[in-house]
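# Topology and contacts: notes
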Amino acid sequence: MPSLHPLLSGFAPIWALTGVGYLVGRSGLLGPQAEAVLSRFVFHVAMPAALFLMIGRTPLDQFANPSMLAFAAGTALAVGIGTLVAHRFFGRPPAERAIGGMAAGYVNSANLGIPVAMQILGDASFAAPVVLFQTLLVTPAVLTVLDTGRAGLRAALTLPLRNPILLAAALGAAASAGGWQLPAELNRSCELLGGAGVPTALVALGMSLYRPSADRPGTDSGDAALRATDPRRADPVGTDPRGADRRFGDRGRGRRPGRYAEVGAAVAIKTLIQPLGAFATGAFLLHLPAHQLLTVVLFSALPTAQNVFVYAREYGHAAALARDSVLCSTLVSMATLSAVSWVLSPGH
């Protein structure tokens, strides 16, 4: 079993940058619009640059293997259950169900998966096909649901041309298939922009944690802040107090117990059901060797990626659910990742 210190070395930057964001938000240093501006910078500029370079440099056939089938099975199970729970138990509308499903099944494969894999496995090569799978298959499906809910079906048909994430992924896939490379100067510029994505997203995530005293009791502060900083967005379901009972099942419990239950369900699906689904598929259906099985389950047990918060923030749906799922699953996964590595280690 790996010592606590090597695992913490992978998590430490996440907590540090999130803490910086909270302090910046609390101080008001960057003004009331800062969180919205930083989130939009990540979504429209930094993340597309990073995705284009990463996908363009990765052979597309990397994710066509039995290990990825097991990972995909666990992801499909988690996203499906997360979406169903958001609908049946918490009354979320379609767009917010997509965020609930993503919070339950979209792993932090790059900035956390790589250091954790290096510490436990000594090899992080599986991160590349996982990122390809999530970027080229999971993300387009979720963003299509989000865009349809906001702009209608006709607009959704042109989504790949209007959405910078999907456009960058498509261009990166084309570059990979054709063996194309950017000129050195443009390549370096994209590297600089892409490198700003993760730290900026974590700072924005931390800023969203600060709840000014003006926030009304019982309000989903992440969604309330979104309305306040970007009035163009539609009022998300759940920020209107009249919708509280409907959203949480009309059980007379108030908003906060329901909110905690919803985040708890998403975190449980993410950190328990997704790796168990990947394990069952890899062990009993595909009969993966011990090291491959450990790799698949380890990546499936990674916490929710901060990208989910960026998407929720950009589209104005369930931002607080995404934020809290990222933070809580990151905390819980320190224990579950250690358990996975101990139980499935070939030497155990």
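Everything that follows concerns the structure shown earlier in this document.
These numbers were taken from a predicted model, which means no experiment stands behind them.

Each value, and the rule that gives it
Residues numbered from 1 in each chain as written. Predicted model: local features only at pLDDT ≥ 70, side-chain atom pairs only at ≥ 80, totals over all residues. Heavy atoms only, no water. Helix = DSSP H or I, 4+ residues; strand = E, 2+ residues; numbered from the N terminus. Buried < 20%, exposed > 50% of the residue type's maximum accessible area, 1.4 Å probe, protein only. Contact = heavy atoms within 4.5 Å. Core = buried A, V, L, I, M, F, W, Y, C linked by side-chain atoms within 4.5 Å. Patch = residues over 30% accessible without salt bridge, like charges linked within 9 Å, V, L, I, M, F, W, Y side chains within 5 Å. Areas by Shrake-Rupley, 256 points an atom, 1.4 Å probe, with all protein chains shown as cover. Salt bridge = Lys/Arg side-chain N within 4 Å of Asp/Glu carboxyl O. Phe/Tyr/Trp six-rings, centres within 6.5 Å; stacked < 30°, edge-to-face > 60°. Axes fitted to C-alpha atoms, helices over the stretch in contact; angles between N-to-C directions. Left-handed = near helix turned anticlockwise from the far one by under 90°. Nonpolar A, V, L, I, M, F, W, Y, C, P; charged D, E, K, R; others polar.

## Observations regarding the overall build of the protein chain
- Helices and strands together make up the secondary structure of the protein chain, namely 17 helices and zero strands.
- Out of the 348 residues belonging to the protein chain, those deemed buried represent 52%.
- Partitioning the contacts of the protein chain with sequence separation of at least 6, the portion at a separation of at least 24 is 83%.

## What about the nonpolar core?
- Core analysis: the biggest nonpolar cluster contains 66 residues, and F71, V116, L146, F299 and Y311 have the highest contact counts within it.
- With eight residues, the single largest contributor to this core is helix α17 (residues 319-344).

## Some details on the environment of V42
- In this structure, V42 sits in helix α2 (residues 34-56).
- As a C-alpha pair, V42 and G197 span 155 residues in sequence and 5.3 Å in three-dimensional space.
- Setting aside residues up to four positions removed in sequence, V42 forms contacts with M47, P48, G197, T200, A201 and V310.

## Concerning a nonpolar patch on the surface
- Taken together, W15, L331 and V332 make up a surface patch of nonpolar side chains, about 250 Å² in accessible area.
- Here V332 lies in helix α17.
- The exposure class assigned to V332 is partly exposed, which follows from its relative accessible area of 34%.

## Points about the packing of aromatic side chains
- Within the structure shown, the criterion is met by seven aromatic pairs.
- Measuring from ring centre to ring centre gives 6.3 Å for Y22 and Y210, while their planes differ by 75°; the resulting arrangement is edge-to-face. A residue pair is termed long-range when its members are at least 10 positions apart, and Y22 in helix α1 (residues 4-27) and Y210 in the loop between α11 (197-207) and α12 (221-229) qualify at 188 residues.
- Owing to a relative accessible area of 29%, Y22 belongs among the partly exposed residues under this scheme.
- Between F279 and F284 the ring centres are 5.8 Å apart and the planes differ by 85°, which places this aromatic pair in the edge-to-face class.
- What makes F284 exposed here is its relative accessible area of 59%.
- An aromatic cluster of at least three residues, connected via ring pairs, comprises F71, F126, F133 and F299.

## Things to note about the packing of helix α3 (residues 66-88) against helix α15 (residues 290-300)
- α15 packs onto α3 with a crossing angle of 35° between their chain directions and a minimal axis gap of 10 Å. The way α3 lies across α15 gives a crossing that is right-handed. Mapping the contact onto sequence places S67, A70 and F71 in α3 and Q292, V296, F299 and S300 in α15.
- Residue composition of the contact of α3 with α15, by class: four nonpolar, three polar and no charged.

## A word on the pattern of salt bridges
- Tallied over the entire structure, the rule returns seven salt bridges.
- Between E191 and R57 there is a salt bridge whose closest N-O contact spans 2.7 Å. Here the residue E191 occupies a position in helix α10 (residues 184-195), and R57 occupies one in the loop between α2 and α3, the gap between them amounting to 134 residues.
- On the accessibility criterion, R57 (44% relative accessible area) is partly exposed.
- A salt bridge links R92 to E96, with the nearest nitrogen and oxygen atoms 2.5 Å apart.
- Take R92: its relative accessible area is 2%, and that puts it in the buried class.

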